[in-house]
Amino acid sequence: MSRRISPVGQGWEAGETVASAISSWEQSTGYTMPADYRAFLVDYNGGRPYPNMFRHTALAPEEGGANPTEHFVDPFYSWDRTAERSHELGNRLPDGCLSIGADPGLLEIVLSLRPEDFGAVYSWVRNWASWGSAENNHLCPQASSFGAFVAALFDDDEKNGYGYWHTPRRESLKRTLNIQI
């Protein structure tokens, strides 16, 4: 299946400006961005991918976790929105994690910059409690890397993902999504 992406805004804003902004952020925070995610931002600066579906397990394993539900990636945030959103979420996210996207509901897609799981992608049920509290202590593992997460995105037999993603008036803006795995 061919992977496609459409921009979040009215056009594509990527390239050296995004690379410079990421480098400045890395220097100021001491974190390093995973190569696959950095390349995605420099090439596309976020967007709405197709296929776009993933499964999330809302409950932690110790809470009876095997209750997967299907969600849409909508969208992967631009670099500016990633930095802004991660700052807004503050202590609600674990240290060393960035919010890089969302579904249309209450899920955030989270990228780890921590040494123990560097580059891993998780989904997280957005809430108001501080990270580590009883109400906010579970990230749902999605993939070992951003590239692996994108490669695992799927559509169902009814093509609900395509129906959600497809916008004929934006057809000329859609691109092939090439991602490092």
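The text that follows walks through the structure, step by step, so that each part is easy to find. Because the structure is predicted, anything quoted here is derived from the model rather than measured.

**What about the overall build of the chain?**
For the chain, the helix and strand inventory stands at five helices and nine strands. For the chain, the sequential pattern of α-helices and β-strands runs β-α-α-β-β-β-α-β-β-β-β-α-α-β. By the compact-globule yardstick of 16 Å for 181 residues, the chain fits well, its C-alpha radius of gyration being 16 Å. By its C-alpha atoms, the chain is 45 × 45 × 25 Å across when sized along the principal axes. Among the 181 residues that make up the chain, the fraction classed as buried is 50%. Entry remark: accessible area of the chain is about 8900 Å², with carbon and sulfur atoms responsible for 51%. Seen as two clouds, the 15 positive and the 23 negative side-chain charges of the chain have centres 7 Å apart.

**Comments concerning the environment of Thr 69**
Structurally, Thr 69 can be placed in strand β4 (residues 68–72). With residues near it in sequence (within four places) discarded, Thr 69 still touches Phe 54, Arg 55 and His 56. There is a polar contact of 2.7 Å between the side chain of Thr 69 and the side chain of His 71.

**Some words on helix α3 (residues 79–89)**
Within α3, burial applies to Trp 79, Thr 82, Arg 85, Ser 86 and Leu 89. Buried residues of α3, seen end-on, are gathered within an arc of 130 degrees and therefore sit on one face of the element. Among the exposed residues of α3, those oriented more than 90 degrees off its buried face are Asp 80 and His 87. Buried residues in α3 make contact with α1 (16–29), α2 (35–44), β5 (97–102), β6 (107–112) and β7 (121–125). Positive phi appears at Gly 90, one or two residues downstream of α3, with a value of about 50 degrees.

**Regarding the sheet that holds β7**
Across the sheet, which stays open at both edges, the four strands sit in the order β5-β6-β7-β8 with antiparallel pairing between neighbours. Edge positions in the open sheet fall to β5 and β8 (140–143), since each of these has one partner strand only. Averaged over all neighbouring strand pairs, the angle between strand axes comes to 35 degrees, with direction disregarded. Strand direction decides the pairing type here: β7 and β8, joined by three bridges, are antiparallel. The residue bridging Ser 123 from the neighbouring strand is Cys 140, located in β8.

**Some details on the nonpolar core**
Soluble, globular proteins show a tendency: their nonpolar side chains are buried together. Met 33, Phe 40, Phe 146 and Phe 149 are the most contacted members of the largest nonpolar core, which has 28 residues in total. Those elements that provide at least two residues to this core are α1, α2, β5, β6 and α4 (146–152). Here the element with the most residues in this core is α2; it accounts for four residues. Apart from residues no more than four positions distant in its own chain, Met 33 is found in contact with Ile 22, Trp 25, Glu 26, Arg 38, Trp 79, Leu 98, Leu 111, Leu 113 and Phe 118. Listed in part, the eight residues of the second largest apolar core include Cys 97, Ala 120, Trp 124 and Leu 139.

**Observations concerning the packing of α1 against α2**
The interhelical angle for the contact between α1 and α2, taken along N-to-C directions, is 140 degrees, at an axis separation of 8 Å. It follows from the interaxial angle that α1 and α2 lie oblique. Across from Val 18, Ala 19, Ile 22, Ser 23 and Glu 26 in α1, the residues of α2 making contact are Arg 38, Leu 41 and Val 42. In terms of residue class, the contact of α1 with α2 is built from five nonpolar, one polar and two charged.

**Considering the sheet that holds strand β1 (residues 4–6)**
Pairing is antiparallel across the open sheet formed by three strands, whose spatial order is β2-β1-β9. Two strands lie at the open edges of the sheet, namely β2 (48–50) and β9 (175–176), each paired on one side alone. Across two bridges, the pairing between β1 and β9 is antiparallel. Paired with Ile 5 across the strands is Arg 175, a residue of β9.

Basis of the calculations
Residues numbered from 1 in each chain as written. Predicted model: local features only at pLDDT ≥ 70, side-chain atom pairs only at ≥ 80, totals over all residues. Heavy atoms only, no water. Helix = DSSP H or I, 4+ residues; strand = E, 2+ residues; numbered from the N terminus. Rg over C-alpha atoms; globule rule 2.2 N^0.38 Å. Buried < 20%, exposed > 50% of the residue type's maximum accessible area, 1.4 Å probe, protein only. Areas by Shrake-Rupley, 256 points an atom, 1.4 Å probe, with all protein chains shown as cover. Lys, Arg positive; Asp, Glu negative; His and termini not counted. Charge placed at Lys NZ, Arg CZ, Asp CG, Glu CD. Contact = heavy atoms within 4.5 Å. Polar contact = N/O pair within 3.5 Å; in protein donor to acceptor, adjacent residues only side chain to side chain. Arc of directions from axis to C-beta. Pairing = 2+ DSSP bridges. Axes fitted to C-alpha atoms, helices over the stretch in contact; angles between N-to-C directions. Core = buried A, V, L, I, M, F, W, Y, C linked by side-chain atoms within 4.5 Å. Parallel < 35°, antiparallel > 145°, perpendicular 65-115°, else oblique. Nonpolar A, V, L, I, M, F, W, Y, C, P; charged D, E, K, R; others polar.

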